Every structure is written in C-alpha cells, then in structure tokens.
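# Per-entry structural report
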Amino acid sequence: MTQTLKSKTIKGVGWSAVDALLGHGITFLVGLVLARLLSPEEYGLIGICLIFTTILNGIVDSGFSNALIRKNDVSNEDYNTMFITNLAISIVLYVALFFASPYIALFFSRVELTLLIRVVGLILIINALSITQNTILTKKIDFKTKTKASLISALLSGVIGIMMAYMGFGVWSLVIQIISKQTLYTICLWAFNRWWPNIRFSIDSFRYMWGFGSKLMLSGLLDNIWKQLYQVIVGKFYSPATLGQYSRSKEYANIFSANITAIVQRVSYPALSEIQNDKERLISAYRKVIKVTMFITCICMISLGAVAEPLIYCLIGPKWHEAATYLPLICISMSLYPLHAINLNMLQIQGRSDIFLYLEITKKIIGLIPLVMGIFINIYWMLICSIITGIISFFLNSYYTGKSLGYTSFMQLKDVSRSYGIAFIVAISVYFLKYLPISYWLILPIQIVLGSGLIILLCEKTQLTEYIEVKTICKSYINKVIGHGRS
C-alpha cells in the first residue's frame with residue numbers, strides 16, 4: 001500500500017475498532033441490563049421478528065452499496081439513483097411484511113407476533129434512508145463520522161430501552177430500543193454528512209449497479225435466509241424460550257466475530273479496491289489482512305468459548321445457563337467468519353460477483369446437513385455440524401481467490417494455523433478451571449488473568465509477525481493519544 005492509503009486504512013481500522021469497542025460495547029452493556037430484567041421468551045419473540053427484517057434488509061440494499069464502493073468514478077447521480085431505489089424497495093417490502101404478519105404469527109403459534117412484526121418492520125424504511133449516507137462515508141473511508149453516529153444512537157436508545165424495561169413494558173422495550181437506535185443513527189448520518197438527494201434517476205446508473213449488485217444481493221439474500229433458518233428451526237421446533245437462549249449465545253459470539261468481520265469488510269473492501277489493478281500489492285495486502293485479522297479473531301473467539309459458563313453466569317445470571325452450553329460451539333464455528341468475508345471481498349474486488357453467487361448456492365446445499373440435525377436430533381448436533389460445514393465453506397471460498405492470485409487455501413491455513421494453535425492452548429488451559437469448587441465470581445477473573453498472561457507469553461516467545469503488527473499499531477495509537485494529551 002502507498003503511505004496515504006495505508007494511513008487511511010489504519011485510521012479506518014482504528015475508528016471501526018472504536019465503533020466496535022464503544023458503540024457495540026454500549027449496546028452490550030445495555031443488553032446485560034435488559035437480560036436481567038427480561039425473560040428468554042421475550043428475547044425469543046423479538047428474535048422471531050428480526051428473522052424477517054434481517055432477510056428483507058439485504059434486499060433493500062440490493063448490492064448497490066458494494067457496486068458504488070468498487071466504482072472509481074462515482075457521481076452524485078449514482079447516489080441519487082441508489083437512494084431512490086433503496087427507499088422504493090423498502091416501502092414495498094414493508095407493505096408485504098405488514099400483510100404477511102398474521103400468517104407468520106400463525107406459523108409460530110404466537111398471536112402477539114402480528115403487531116410486533118408490523119412495528120419492528122418499520123426498521124426497513126428507516127434503514128433505507130441511511131444506506132446511501134453509509135456508502136458515501138465508506139467510500140471515503142470516513143469511519144470517524146460513522147462511529148460518532150453509532151455511539152450517540154447506541155447510548156440514547158439504550159437509555160430508552162432500559163427505562164421501558166424498568167417500567168414493565170416487557171418485549172416492547174426491546175422493540176423500541178431497536179427502532180430508536182436505527183432512527184437516531186440515520187438522523188446522525190444525515191446531520192453529519194450533509195449529502196442531500198434530488199429526484200434525478202439515471203437508468204444507466206441503475207443498470208450498472210444492478211448488473212454488479214444483483215448477484216451480490218442474491219448471494220446475501222441466500223446467506224441471510226440460511227442464517228435465519230437456524231432461528232426459524234429453533235423457534236418452530238423448540239420454543240421461544242429456547243430461541244431466546246440460542247439467540248443470546250449468538251449475540252455473545254457476535255461481540256467479537258461479527259464486529260471483527262464488519263471492521264474487515266468495511267475497511268478492506270474500499271482499501272483493496274483502490275489497488276485492484278496492482279496484483280503484487282494486492283496479494284501482499286490481502287495476506288497481511290488475513291494474518292492480522294485471524295490472529296485477533298482466533299484469540300478472542302476461542303478464549304470466549306473457554307470462559308462461556310462463568311461469564312454468562314456472572315453477567316446475566318443462571319437463568320441463561322442453556323446459552324452458556326451453546327456458546328463454545330458457536331465460537332469455534334464463527335471464528336472462521338472473518339476468513340470467509342476476506343475471501344469473498346476479494347471476489348467482489350475482482351468483479352466476480354457471478355462466482356460469489358455460485359459459491360453461496362453451493363454452500364447452502366451443503367448447509368442442509370446442520371439444519372436437518374437441528375430438526376431431527378438436537379441443537380448441539382446442529383452446532384457441531386455447522387463447524388464442519390464452515391470448514392468446507394472456507395475451502396470453497398478460498399479456492400477461486402487462491403487460483404487467481406496464487407494464495408491458495410493451504411497457504412492461508414498455514415498462515416492462520418499458529419494463531420489457532422495459541423488460541424486453543426490458552427483455551428484448554430483455562431477451560432477446566434470452571435470445575436474448581438469455588439464461586440464463578442472468582443473463577444472468571446482467574447481465567448481472564450491466566451489466559452491473558454499465557455497469550456502474551458506465547459506470542460512473545462513465538463514472535464508472530466501478526467502479533468508484532470498488532471502491537472506496533474497499538475503502540476502507535478497510544479503514542480498519538482499521549483501526544484495529543486500533552487499538546
């Protein structure tokens with residue numbers, strides 16, 4: 001990377017990390033309070049609603065944002081066309097969801113879902129109003145503005161949700177928190193970015209975005225449907241309470257996996273797109289992104305799974321014990337997510353959205369196995385099979401990028417193997433401490449201190465290049481903060 005691009009990318013990673021740590025950290029803390037005030041069943045009901053809004057939100061974007069981020073010469077006309085299209089699609093989808101809600105309620109045998117889905121569904125239109133603003137900021141690698149919007153929305157919506165829960169609004173406190181968070185985020189983006197649309201719609205611009213984005217939309221739609229099918233199966237064949245336990249464990253796994261994946265996708269895609277025509281630089285940057293990202297992911301995810309039971313007991317109480325039994329398996333499976341995302345990003349950068357779609361279809365056929373296990377056996381077998389299919393998916397995702405760039409699946413595995421090795425050594429060392437005949441309130445800090453010490457010791461001994469890279473970046477940020485403080 002050139003120094004300018006490297007500087008922009010590091011700043012982008014920094015602000016995305018701040019967003020993940022503070023923005024999502026606030027949401028996490030709010031979730032702790034709400035989990036103690038609300039029941040697993042109430043979380044299960046909102047989880048059912050989010051199944052449909054998550055799937056439909058992928059259609060609203062239609063892959064246009066990725067198309068414009070990749071495009072070198074984006075005009076205001078492109079942004080206007082994108083904004084009008086996204087808003088129109090969101091309104092149509094909300095109307096469809098509104099009238100489908102009674103049938104969804106009937107499917108899950110919960111009559112209260114009709115009104116809940118109709119209210120939560122408004123998030124489709126609210127989200128559509130923010131997509132273009134998000135795209136403009138991502139294109140500029142301006143994650144500072146997005147982070148400010150995220151922090152404000154997370155904090156204010158969290159206060160609203162907690163107040164409503166204390167007042168006894170039950171599941172509606174979760175509904176209002178979700179809607180207010182997206183609304184405040186959208187308002188902040190419009191206030192900070194100062195881009196305003198007009199009614200100019202370009203057919204040529206639409207054709208370009210649709211030509212590239214439609215395949216990504218279909219791929220994303222397949223992926224979203226597949227992910228939400230796990231929620232559907234648990235909600236339909238078990239109970240809303242079990243779904244609440246399952247979705248809560250997924251939420252804890254997302255603290256690291258989803259946030260790290262989001263940071264990588266948001267920053268690496270525009271950054272690598274800028275050097276897409278320089279193959280040597282692209283491969284070098286691509287490899288560095290994989291090694292550093294997976295080092296952080298492995299350490300965080302595998303360690304989280306190791307301390308799952310004491311952690312959940314201390315944070316949200318024994319009523320969520322079932323979630324603690326799901327979390328270790330989910331952490332292992334989701335530790336691969338950033339690796340999937342990076343390889344798929346490379347396909348988009350190379351303009352191969354056709355292969356992207358083909359891969360999604362193939363992986364979903366393979367992914368039938370865990371779903372069948374969930375229906376006919378139990379959730380644990382569903383999660384175990386998800387780990388296996390995740391490994392198979394990695395080989396599929398990395399095959400085509402490896403073929404075109406010369407960075408094969410096995411080269412990638414070699415690059416991440418030492419990170420996984422350190423992570424599992426640390427995890428095994430702290431996992432069995434939970435059987436000590438003392439309180440979880442004592443076990444958890446012991447696990448954290450011992451695990452942290454082992455990570456630093458092993459990394460210092462092995463001198464992993466990715467560890468040195470992370471340490472260098474951290475030192476640079478600390479020195480800047482100290483320097484600003486002195487000045």
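Throughout, a residue's number is its position along its own chain's written sequence, starting from 1. For this predicted model, a pLDDT threshold of at least 70 governs which residues receive local features, and a threshold of 80 or more governs which side-chain atom pairs are given and counted, while totals over whole chains, interfaces and linings are taken from all residues. Only hydrogens and water are removed before side-chain values are computed, so all heavy atoms of the structure are retained for them.

### Observations regarding the overall build of the protein chain
- When helices and strands are tallied, the protein chain shows 21 helices and zero strands.
- Burial classes: relative accessible area under 20% of the type maximum marks a residue as buried, over 50% as exposed, and values in between as partly exposed (1.4 Å probe, protein chains only). When burial is assessed residue by residue, the protein chain has 53% of its 487 residues classed as buried.
- Should any heavy atoms of two residues lie within 4.5 Å, those residues are counted as being in contact. Looking at the protein chain alone, contacts between residues at least 24 apart form 83% of all its contacts between residues at least 6 apart.
- By element, 69% of the accessible surface of the protein chain is carried by carbon and sulfur atoms, the whole surface being about 21400 Å². Under the scheme used here, helices are H or I runs from DSSP no shorter than 4 residues and strands are E runs no shorter than 2 residues, and both carry numbers assigned from the N terminus. Here the accessible surface of atoms and residues is derived via Shrake-Rupley with a 1.4 Å probe, and residues count as covered only by protein chains that are part of the display.

### Comments concerning unusual backbone geometry
- You will see that serine 109, though not glycine, has its phi angle at about 60 degrees, which is positive.
- You can see serine 109 is positioned in the loop between helix 4 (76–107) and helix 5 (113–120).
- You can call serine 109 exposed: its relative accessible area is 60%.
- With a phi angle near 50 degrees, glutamine 463 is a residue other than glycine that sits in the positive phi range.
- Mapping glutamine 463 onto the fold places it in the loop between helix 20 (440–462) and helix 21 (465–486).

### Considering the packing of aromatic side chains
- Stacked, tilted and edge-to-face are the three classes assigned to paired rings of Phe, Tyr and Trp, where Trp is represented by its six-membered ring and a pair needs centres within 6.5 Å; plane angles under 30 degrees give stacked, over 60 edge-to-face, the rest tilted. Scanning all chains against the criterion turns up 14 aromatic pairs.
- Each ring, one from tyrosine 313 and one from tyrosine 440, has its centre 5.3 Å from the other, and the planes form 70 degrees; the classification is edge-to-face. Of this pair, tyrosine 313 sits in helix 13 (residues 308–316) while tyrosine 440 is found in helix 20, placing the two residues 127 residues apart along the sequence.
- Three or more aromatic residues joined by ring pairs form one cluster here, namely Phe83, Trp190 and Trp196.
- Criterion for a charge above a ring: Arg CZ or Lys NZ at most 6 Å from the ring centre, at most 35 degrees from the ring normal. One residue, arginine 118, lies across the ring of phenylalanine 98, its end atom 4.0 Å from the ring centre.
- Directly above the aromatic system of phenylalanine 192 lies the positively charged group of lysine 148, at a separation of 5.0 Å from the ring centroid.

### Details of the pattern of salt bridges
- A pair is scored as a salt bridge if a Lys or Arg side-chain nitrogen falls within 4 Å of a carboxyl oxygen belonging to Asp or Glu. Summed over the entire model, instances satisfying the criterion amount to five salt bridges.
- Taking the shortest distance from any N to any O, the salt bridge between arginine 110 and glutamate 41 comes out at 2.7 Å. With arginine 110 in the loop between helix 4 and helix 5 and glutamate 41 in helix 2 (residues 40–61), this residue pair connects regions lying 69 residues apart in the sequence.
- Its relative accessible area of 18% is what places arginine 110 among the buried residues.
- Residues joined in a network through salt bridges with shared partners are Glu41, Arg110 and Glu112.

### Digging into the nonpolar core
- In this structure, Leu34, Leu113, Tyr246, Ile290 and Leu327 are the most contacted members of the largest nonpolar core, which totals 109 residues.
- Looking at this core element by element, the count peaks at twelve residues for helix 12 (residues 279–306). Here the nonpolar core consists of buried residues drawn from Ala, Val, Leu, Ile, Met, Phe, Trp, Tyr and Cys, with membership extended through side-chain atoms lying within 4.5 Å.

### Details of the environment of tryptophan 226
- Turning to its location among the elements, tryptophan 226 is positioned in helix 9 (residues 203–237).
- Separated by 145 residues in sequence, tryptophan 226 and leucine 371 place their C-alpha atoms 9.3 Å apart.
- When residues no more than four places from it in sequence are discounted, the contact partners of tryptophan 226 are Lys364, Gly367, Leu368 and Leu371.

### Thoughts on the environment of isoleucine 84
- Assignment of secondary structure puts isoleucine 84 in helix 4.
- For isoleucine 84, a relative accessible area of 29% gives the class partly exposed.
- Each C-alpha atom of the pair isoleucine 84 and threonine 132 lies 9.6 Å from the other, and the pair is 48 residues apart in sequence.
- When sequence neighbours within four positions are dropped, the list of residues in contact with isoleucine 84 reads Asn198, Ile199, Arg200 and Phe201.

### Overview of the packing of helix 2 against helix 10 (residues 240–254)
- To get an axis, a line is fitted to the C-alpha atoms, and for a helix only the part in contact is used. The angle between two axes follows their N-to-C directions and goes from 0 to 180 degrees. Across the interface, helix 2 lies against helix 10 with an axial gap of 6 Å and an inter-helix angle of 80 degrees. The angle between helix 2 and helix 10 falls in the class roughly perpendicular. For the pair helix 2 and helix 10, the contacting residues are Pro40, Glu41, Tyr43, Gly44, Gly47 and Ile48 in the first and Pro240, Ala241, Leu243, Gly244, Gln245, Ser247 and Arg248 in the second.
- Nonpolar residues are Ala, Val, Leu, Ile, Met, Phe, Trp, Tyr, Cys and Pro. Charged residues are Asp, Glu, Lys and Arg, and all others, Gly as well, are polar. In terms of residue class, the contact of helix 2 with helix 10 is made up of six nonpolar, five polar and two charged. Note on angle classes: values under 35 degrees are labelled roughly parallel, values over 145 roughly antiparallel, values of 65 to 115 roughly perpendicular, and the remainder oblique.

### Observations concerning the side chain of serine 130
- When you line up the elements, serine 130 lands in helix 6 (residues 123–139).
- Here serine 130 falls in the buried class, since its relative accessible area comes to 0%.
- Residues within four places of serine 130 in sequence aside, it is in contact with Gln182, Thr186 and Leu189.

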